[in-house]
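Below, each chain spelled out in residue letters.
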Amino acid sequence: MLSVIPQPPRCDHATVWPALHHHALALRKGFDLRHAFADDPGRFAHFSQEAPHCFADLSKNLWDAPAEALLLRLARECAVEQQRDAMFAGEHVNGSEGRAVLHALLRCPRGESPPGLAWALAQVHETLDAMLAYAERVRADAGITDVVCMGIGGSGLGPQMAVQALQGMCDARRRMHFVSNVDGHELQSVLDGLQPRSTLFIVASKVFNTQETLTNARSALQWFHAQGGEDVARHFVALTTNASAAAQMGITTTFGFWDWVGGRYSLWSAIGLPVALAVGAAAFRDLLAGAHAMDHHFRTAPLQANLPVRLGLLDVWNRNLLGFASRCIAPYHAGLRRLPAYLQQLEMESNGKRVDRQGRPLALGSAPVLWGEPGTDGQHAFFQMLHQGTDIVPLEIIAVQRPSHGLQGHHEQLLANALAQAQALMQGRSCDDGHRHFPGNRPSTFVLLDALTPAALGALIALQEHRVFVAGALWGLNSFDQWGVELGKLLARDLQQRLASGDVVQLDASTAGLLQRMRA
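Each chain carries its own residue numbering, running from 1 in the written order of its sequence. Local features in this predicted model are restricted to residues whose pLDDT is 70 or higher, and side-chain atom pairs enter the listing and the counts only when it is 80 or higher, whereas totals over whole chains, interfaces and linings include all residues. The side-chain values count all of the structure's non-hydrogen atoms but skip hydrogen atoms and water molecules.

The name that an unreviewed UniProt entry assigns to the chain is Glucose-6-phosphate isomerase, with the source organism given as Delftia acidovorans. UniProt positions are given in the numbering used here, feature names are shortened, and annotations may be inferred rather than shown by experiment. Per UniProt, the chain carries the Catalytic activity (unreviewed entry) text "alpha-D-glucose 6-phosphate = beta-D-fructose 6-phosphate". Per UniProt, the chain carries the Function (unreviewed entry) text "Catalyzes the reversible isomerization of glucose-6-phosphate to fructose-6-phosphate."

The subject of this paragraph is the overall build of the chain. In terms of regular secondary structure, the chain is built from 20 helices and eleven strands. The C-alpha atoms of the chain give 24 Å as radius of gyration, which agrees with the globular expectation for 520 residues (24 Å, within 12%). Principal axes of the C-alpha set define a box for the chain whose edges measure 75 × 60 × 55 Å. Throughout, a residue-residue contact means that at least one pair of heavy atoms, one from each residue, lies within 4.5 Å. When contacts within the chain are restricted to residue pairs at least 6 apart in sequence, long-range pairs at least 24 apart make up 74% of them. For accessible areas, the Shrake-Rupley method is used with a probe of radius 1.4 Å. Any residue's cover is judged against the shown protein chains and nothing else. Here the chain has roughly 22400 Å² of accessible surface; of this, 53% comes from carbon and sulfur atoms. The average position of the 43 basic charges and that of the 47 acidic charges among the side chains of the chain differ by 2 Å. Secondary structure follows DSSP: runs of H or I at least 4 residues long count as helices, runs of E at least 2 residues long count as strands, and numbering of each begins at the N terminus. C-alpha atoms define the radius of gyration in this analysis, and the globule rule sets the expected value at 2.2 Å times the number of residues to the power 0.38. For the purpose of counting charges, residues Lys and Arg are taken to be positive, whereas Asp and Glu are taken to be negative. His and the chain ends are not included. For the purpose of locating charges, the reference atoms are NZ of Lys, CZ of Arg, CG of Asp and CD of Glu.

As a further point, take the environment of Cys170. Structurally, the position occupied by Cys170 is in the loop between helix H7 (154-165) and strand S4 (175-179). Summary of the burial criterion: residues with accessible area below 20% of their type's maximum are buried, those above 50% are exposed, and those between are partly exposed, where the area comes from a 1.4 Å probe applied to protein chains only. Classification of Cys170 by relative accessible area gives buried; the value is 16%. Along the backbone, Cys170 and Val275 are 105 residues apart, and their C-alpha atoms lie at a distance of 8.8 Å. Excluding residues within four positions of it along the chain, Cys170 makes contact with Val163, Ala278 and Val279.

Right, let's talk about the sheet that holds strand S2 (residues 54-57) for a bit. Two strands are said to pair when DSSP picks up at least two bridges between them. On the basis of which strands lie adjacent, the open sheet formed by six strands has the order S1-S2-S11-S10-S8-S9 and mixed pairing. Looking at which strands have only one partner, the edges of the open sheet turn out to be strand S1 (48-51) and strand S9 (369-372). The mean angle between the axes of side-by-side strands here comes to 20 degrees, regardless of whether they run parallel or antiparallel. Strand direction decides the pairing type here: strand S8 (residues 326-332) and S9, joined by four bridges, are parallel. Convention adopted: a line fitted to C-alpha atoms gives each axis, helices being fitted over their contacting stretch, and angles between N-to-C directions are expressed from 0 to 180 degrees.

Before going further, it helps to examine helix H13 (residues 281-300). Here the expected span of a helix is defined as 1.5 Å times the quantity of residues minus one. An ideal rise of 1.5 Å per residue puts 28 Å on 20 residues; H13 measures up with 28 Å between its terminal C-alpha atoms. Along H13, the positions that sit buried rather than exposed are Ala281, Ala283, Phe284, Leu287, Leu288, Gly290, Ala291, His292, Met294, Asp295, His297 and Phe298.

A few words on the UniProt feature "active site" (unreviewed entry) in the chain. UniProt tags Glu349, His380 and Lys489 as "active site" (unreviewed entry). Spanning 141 residues, the annotated positions stay apart in the fold, the maximum distance between their C-alpha atoms being 36.5 Å. You can see His380 is positioned in the loop between S9 and helix H16 (383-388). On the basis of relative accessible area, His380 is assigned to the exposed category, the value being 73%. We classify Lys489 as partly exposed; its relative accessible area is 37%.

This part is about empty space enclosed by the protein. Put plainly, a pocket is an open set of points on a 1 Å grid over the protein atoms alone with protein on both sides within 12 Å along at least five of seven lines, a cavity is a set where a 1.4 Å probe fits but cannot get out, and a lining residue has an atom within 4 Å of a point. Grid points are joined across faces, edges and corners, and a volume is the space filled by probe spheres set on the points. This model, assessed by the stated rule, comprises five cavities of 30 Å³ or more. Estimates place the volume of the largest cavity at around 100 Å³. Every residue lining the largest cavity is listed: Met87, Phe88, Val101, Leu102, Ala104, Leu105, Cys108, Glu112, Pro114, His292, Asp295 and Arg299. The element best represented in the lining of the largest cavity is H13, accounting for three residues. For this classification, the nonpolar set comprises Ala, Val, Leu, Ile, Met, Phe, Trp, Tyr, Cys and Pro, the charged set comprises Asp, Glu, Lys and Arg, and every other residue, Gly included, is treated as polar. Within the lining of the largest cavity, the residues separate by chemical class into eight nonpolar, one polar and three charged. Within this model, the second largest cavity holds a volume of roughly 70 Å³. Along the walls of the second largest cavity sit Leu106, Val124, Thr127, Leu128, Met131, Trp258, Trp268, Ser269 and Ala270, which together make up its complete lining.

For the chain, the assigned domains are domain 1 (33-98 + 301-381 + 391-415 + 445-478), domain 2 (103-284) and domain 3 (486-519). Just the C-alpha atoms count here: the centres of domain 2 and domain 3 sit 33 Å apart. Here the limits of each domain have been adopted from an automatic or database domain assignment.

Ordered by their spatial adjacency, five strands build an open sheet running S4-S3-S5-S6-S7, and the pairing between neighbours is parallel. Strands at the two margins of the open sheet, each flanked by one partner only, are S4 and strand S7 (253-255). Across the sheet, the mean angle separating the axes of adjacent strands is 20 degrees when strand polarity is ignored. Bridge count between strand S6 (residues 236-239) and S7: three bridges; the pairing is parallel. For Val237, the partnering residue across the bridge sits in S7 and is Thr253. Its contacts with the sheet put H7 on S4 and strand S5 (199-204), and the angle it makes with S4 is roughly 150 degrees.

The subject of this paragraph is a nonpolar patch on the surface. Residues Leu487, Leu490 and Leu491 make up a contiguous nonpolar surface patch of roughly 300 Å² in combined accessible area. Note that Leu490 resides in helix H19 (residues 486-501). Only residues whose relative accessible area exceeds 30% and that form no salt bridge enter a patch; like-charged residues are grouped when within 9 Å of one another, and nonpolar side chains (Val, Leu, Ile, Met, Phe, Trp, Tyr) when within 5 Å. Any carboxyl oxygen of Asp or Glu within 4 Å of a side-chain nitrogen of Lys or Arg constitutes a salt bridge here.

Further remarks concern the pattern of salt bridges. Overall, the coordinates contain 27 salt bridges when judged by the stated rule. Residues Asp57 and Lys60 are paired through a salt bridge, measuring 3.7 Å at the closest nitrogen-oxygen approach. With a relative accessible area of 9%, Asp57 lands in the buried category. In this structure, Asp171 and Arg174 form a salt bridge, with 3.1 Å as the shortest nitrogen-oxygen distance. Take Asp171: its relative accessible area is 13%, and that puts it in the buried class.

Among buried residues, the Ala, Val, Leu, Ile, Met, Phe, Trp, Tyr and Cys ones that are joined through side-chain atoms within 4.5 Å form a nonpolar core. Leu74, Trp260, Trp317 and Leu457 are the most contacted members of the largest nonpolar core, which has 130 residues in total. Here this core gets 14 residues from one element, more than from any other, and that element is helix H18 (residues 454-475). Each of domain 1 (33-98 + 301-381 + 391-415 + 445-478) and domain 2 (103-284) contributes no fewer than three residues to this core. Ignoring any residue separated from it by four or fewer positions in sequence, one finds Trp317 in contact with Leu20, His23, Ala24, Leu27, Leu62, Trp63, Ala67, Leu71 and Leu322. Counting 23 residues, the second-largest nonpolar core is a separate cluster that includes Val190, Leu191, Phe201 and Val203.

Have a look at this one:
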């Protein structure tokens, strides 16, 4: 039987925490990146490292070697390694729901399961083989020209982000559409121009009770019948653990997963069917292999050379010791345009908590606000604030060394812009005219992929998953529940009935007034 792990201390209860505060205070008073590079020729080498399929430069952040040494002491005192090992071993690290957290098992090759989890790995590969075989059958079916993927949160963001990222590998004979919002305008805009006989609908809902997804699925089913569609079994597939509920809608082809797979960590499961349909079974397995390579790095690399650990420590340093409340994500690759939204959910839903695992209120900030847009679009939108605004916002640039297009001059210009933004944030520019003065000494992180391949994408996503885990472990959080999304859903069900009836009894004056205005 899986056990509940003992709770290690959270970061603000660690004995090294006061020393970190003292050191951060000293750095905030006098640390300057320009001087740091001038004084230390080895700074770039020390604060950069290779990891599977990527290279990361952390040297332009507002920290130094003593700060990182103290942070590594913090990681050891807060038992980050033990918490990591407990997660990979299948312990109940999701304490509030009494569950293991085994999304890494979804990308584990056959024969490499942790002790005691061979039974789970066998189920993983049985489902994976069946899902990929189905994907290949659909890819071979020239009659299916459009695929409409309906899911929300992790069931929607993950597949959409990955398909866009791997667009250059996608089957050009088949168009992929994604519908997540319950707003009917989104679904209608997708249905317009489709033909039922050539469209496959994918309904992704873990227990088949996600209201937004089921509303869209029912409307799609009504459209299918109204347009003369007859074979629901051929044109609808469900990704769910609740096959009987799907069958009530006439959906007989289903692929399931397990309660130890959280929604925002489910891309690697049957939820990844849209990705497999777009790029094929072999490429999907490469995606899993890239993530598994990062898993191995996270599990085995020493803390001081462990990229997810170093990023997680940097996140806590920026958030709690330097007081930076947000982080900007700027992917310099059009294929990664949905990555900021994906990372928003991953980090803010995982670590956007105000109490620790024991239910005690936190005395410090948890997840920062994540936001961003692809470069170079962001440069002509909000980079003004990054360079000259009153708030310091750490920037994270994600660039790709080799493009997958053949257009001359574009990629060199793109990479030059990525390099220039990080350089300008650090160096700034002195000018007597205050309007043209750039203060500089502003932090950035640079992550470079060799190419945007399935393996590199898998490694990048796994890297982000594990850094979120590290920060959550330091804050003493359960990074794998999401009770904060429940209250609004509960109230929405009541208010939907009130919109129909007009009943405003016991509503607050604002909600009642708005509801009545909507009904007018």
